[in-house]
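# Summary of the model geometry
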Amino acid sequence: MKKVALTGIKPTGIPHIGNFLGAIQPALKLSETCEARYFIADYHAINTVKKSNVIRQMSVKVAAAWLACGLDPEQVLFYKQSSVPETFELSTILMAYTPKGLMNRAHAYKAILQSNAESGKDPDDGVNMGLFTYPILMAADILLFDTDYVPVGNDQFQHVEMAVDIAQSFNFIHSCEAFKLPQALAHEQSKTVVGLDGRKMSKSYGNIIPLFAAEKELRKLIMKIVTNSQTIEEPKDPDTCSVFALYKCFATDEQIKALRQRYLAGGMGWGHAKQELFEVMNAQLSPYREKYNALIQDSAYINSVLQEGSLKARELASQKIKLLRGIMGID
Ligand code: ADP
Ligand code: TRP
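The sections below set out a description of the structure shown in this document. Values in this document were obtained by computation on a predicted structure and should not be read as measured data.

As for its placement among the helices and strands, Thr12 is situated in the loop between strand E1 (4-9) and helix H1 (17-30). Using a relative accessible area of 18% as the deciding quantity, one classes Thr12 as buried. Polar contacts involving the side chain of Thr12 include one to the side chain of Lys203, which spans 3.0 Å.

Encoded structure:
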C-alpha cells in the first residue's frame, strides 16, 4: 500500500519562494511515490482575509502555481477545501475531542497574545474563533484522508503534532484506530526559507520573492537582500548569509562548494554573490514562470481540474465520515 501525502496552501497572497521550497517542491517529489492529496486551503484563509476578490483571485493563482510547478492532476488529488464539506463535519467532530488547553498552546495564537500584551491591548484583540480553532480545522484536513506525510515548512510542524494529539484522543476514547497518525516532513535547508530581510520569508512580513517574478523583478529583489557592510576584499561567512542560504536551495552540490570557497577566500563582493544567486534561481524558475503565465489566462481549465478533484476527494471523505459516525453512535 502506498503512503498518503497531503498538504494545503492558503489563498492569502501570491505564492512565494518559501511556499515553493517549503511545501510545493517537496510535495511534488513525494507525489512520485505516494498517493498525494494537495489542496487550496480557502476556509483557512478567511480567518485573516475578508476581501472576496482576494480569496477568489489568490485561489486561482495558488492553483496555477501548483500546476505550473508540475502537479499532474491525473496523479494527484487536487481540490479546494471548500468543495469538500466533509472537512467541516470532521472539524466539528474533532472539536469534541480537543482540549481547549491544547489550542491555548498554539504558537500562532500565543504570538498574537504576546503582541497584544506588548501594545497594551486586550489579550484577545483581533482573535476570531476561526483563528483560535485553526489547528482543529487543519487536523480535519489531514485526518480525513488517512494521511501519513505532511510536507510543510517548520512553522506548521506544531499544527501537525496537534493533529496527532487529537487523533490519539479519538482513537483512545473509542479504543480504535480510526485515525492514522500523520508526520510532518521538511528538508533541513528549506524548512525555514529566509526572506529579503533575513527573517523567515512570509507574506505577513512583506519580505517575499514571488515565485513567478519576472526576470527583471527577480534580479531587483535579489539585489535588495540585506547583507552586511563587509568590503569586497574581506572573507565572508557563507553560513550566516541569506544570499548563500537561498543559493543552497537552488544550486547543485558542486556549485555550492565552489561559491563557499569564494566566500571564504575573500575578493568577492555581495553583488557578485547575488548575481550567482540570480542565475541559479532564474534558470530553475523560468520554465515554471512561462507555464504559469500561460495557465493563469485559463481560469476555466484550472476550475475544471479542481472540480474534478473535489468529486473524487468527496467520495473518499464521505466513506471516512460514515465510519466515524458509526464509531460515535451517530447513524
Ligand atoms: P505565509 O507564511 O507566507 O503566509 P503560508 O502560511 O501560506 O505562507 O504557507 C504555505 C506553505 O508554505 C506551508 O507549508 C508553509 O510551511 C510553507 N512556507 C511558507 N513560508 C515558508 C518559509 N519561509 N520557509 C519554508 N516554508 C514556508
Ligand atoms: N496551515 C497551513 C499554512 O498556514 C495551510 C494548511 C491548511 C495545511 N490545512 C493544511 C497544510 C493541512 C498542511 C496540511 O500554511
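In this section: the nonpolar core. Note on soluble globular proteins: their nonpolar side chains tend to be buried together. Within the largest apolar cluster, 63 residues are counted, with the highest numbers of intra-cluster contacts made by Ile17, Tyr38, Trp66, Phe78 and Ile209. Sorting elements by how many residues they give to this core places helix H13 (residues 270-295) first, with nine residues. In this structure, Tyr79, Tyr97, Val150 and Val160 belong to the second largest nonpolar core, which totals 40 residues.

Taken together, 14 residues sit near ligand 2, with Lys10, Tyr134, Met138, Asp141 and Gln156 positioned nearest. In the environment of ligand 2, a nitrogen atom lies 3.4 Å from a nitrogen or oxygen atom belonging to the side chain of His44. Compared with its free state, where it exposes 360 Å², ligand 2 has 92% of that area covered by protein. The pocket occupied by ligand 2, as judged from atoms lying within 2 Å of grid points, is the largest pocket. Within the residue set of the shell around ligand 2, elements represented by two or more residues are E1 and helix H8 (134-143). Ranked by residues supplied to the shell around ligand 2, first place goes to H8 with four residues. Here the residues of the shell around ligand 2 are counted per class, giving eight nonpolar, four polar and two charged.

This part covers the pairing of strand E3 (residues 76-80). Extensive coverage of E3 is indicated by the burial of four of its five residues. Alignment of strand E2 (residues 35-40) against E3, held across five bridges, turns out to be parallel. Looking at the pairing, Phe39 lines up with Tyr79 of E3.

Turning our attention to helix H3 (residues 52-68). For H3, which comprises 17 residues, the first-to-last C-alpha distance of 24 Å matches the rise-based estimate of 24 Å (1.5 Å per residue) to within 8%. Every buried residue belonging to H3 is among Ile55, Met58, Ser59, Val60, Val62, Ala63, Ala64, Ala65, Trp66, Leu67 and Ala68, and all of these are buried. Positive backbone phi, approximately 120°, marks Gly70, located one or two places after H3.

As a further point, take the site of ligand 1. Around ligand 1 there are 18 residues in total, and His16, Gly153, Asp155, Val193 and Lys203 lie nearest to it. Here Asp155 contributes a side-chain N or O atom positioned 2.6 Å from an oxygen atom of ligand 1. Within the contact set of ligand 1, a nitrogen atom lies 2.8 Å away from a backbone nitrogen or oxygen of Val193. Its atoms largely coinciding with the cavity grid, ligand 1 occupies the largest pocket.

When its volume is computed, the largest pocket comes out at roughly 1,300 Å³. Lys10, Tyr134, Asp155, Gln156 and Lys200 are the residues nearest the centre of the largest pocket, which is lined by 46 residues in total. Among the secondary structure elements, those contributing two or more residues to the lining of the largest pocket are E1, H1, helix H6 (107-118), helix H7 (129-132), H8 and helix H9 (157-173). A per-class count over the lining of the largest pocket returns 21 nonpolar, 19 polar and six charged.

Conventions and cut-offs
- Residues numbered from 1 in each chain as written.
- Chains lettered and ligands numbered in written order.
- Predicted model: local features only at pLDDT ≥ 70, side-chain atom pairs only at ≥ 80, totals over all residues.
- Heavy atoms only, no water.
- Helix = DSSP H or I, 4+ residues; strand = E, 2+ residues; numbered from the N terminus.
- Buried < 20%, exposed > 50% of the residue type's maximum accessible area, 1.4 Å probe, protein only.
- Polar contact = N/O pair within 3.5 Å; in protein donor to acceptor, adjacent residues only side chain to side chain.
- Core = buried A, V, L, I, M, F, W, Y, C linked by side-chain atoms within 4.5 Å.
- Near = heavy atom within 4 Å.
- Areas by Shrake-Rupley, 256 points an atom, 1.4 Å probe, with all protein chains shown as cover.
- 1 Å grid on protein atoms, 1.4 Å probe; cavity = no way out; pocket = protein on both sides within 12 Å on 5 of 7 lines; lining within 4 Å.
- Sits in = over half its atoms within 2 Å of the grid points.
- Nonpolar A, V, L, I, M, F, W, Y, C, P; charged D, E, K, R; others polar.
- Pairing = 2+ DSSP bridges.
- Expected span 1.5 Å × (residues − 1).
- Points joined across faces, edges and corners; volume = space filled by probe spheres on them.

Honestly, it's all geometry; don't read function into it.
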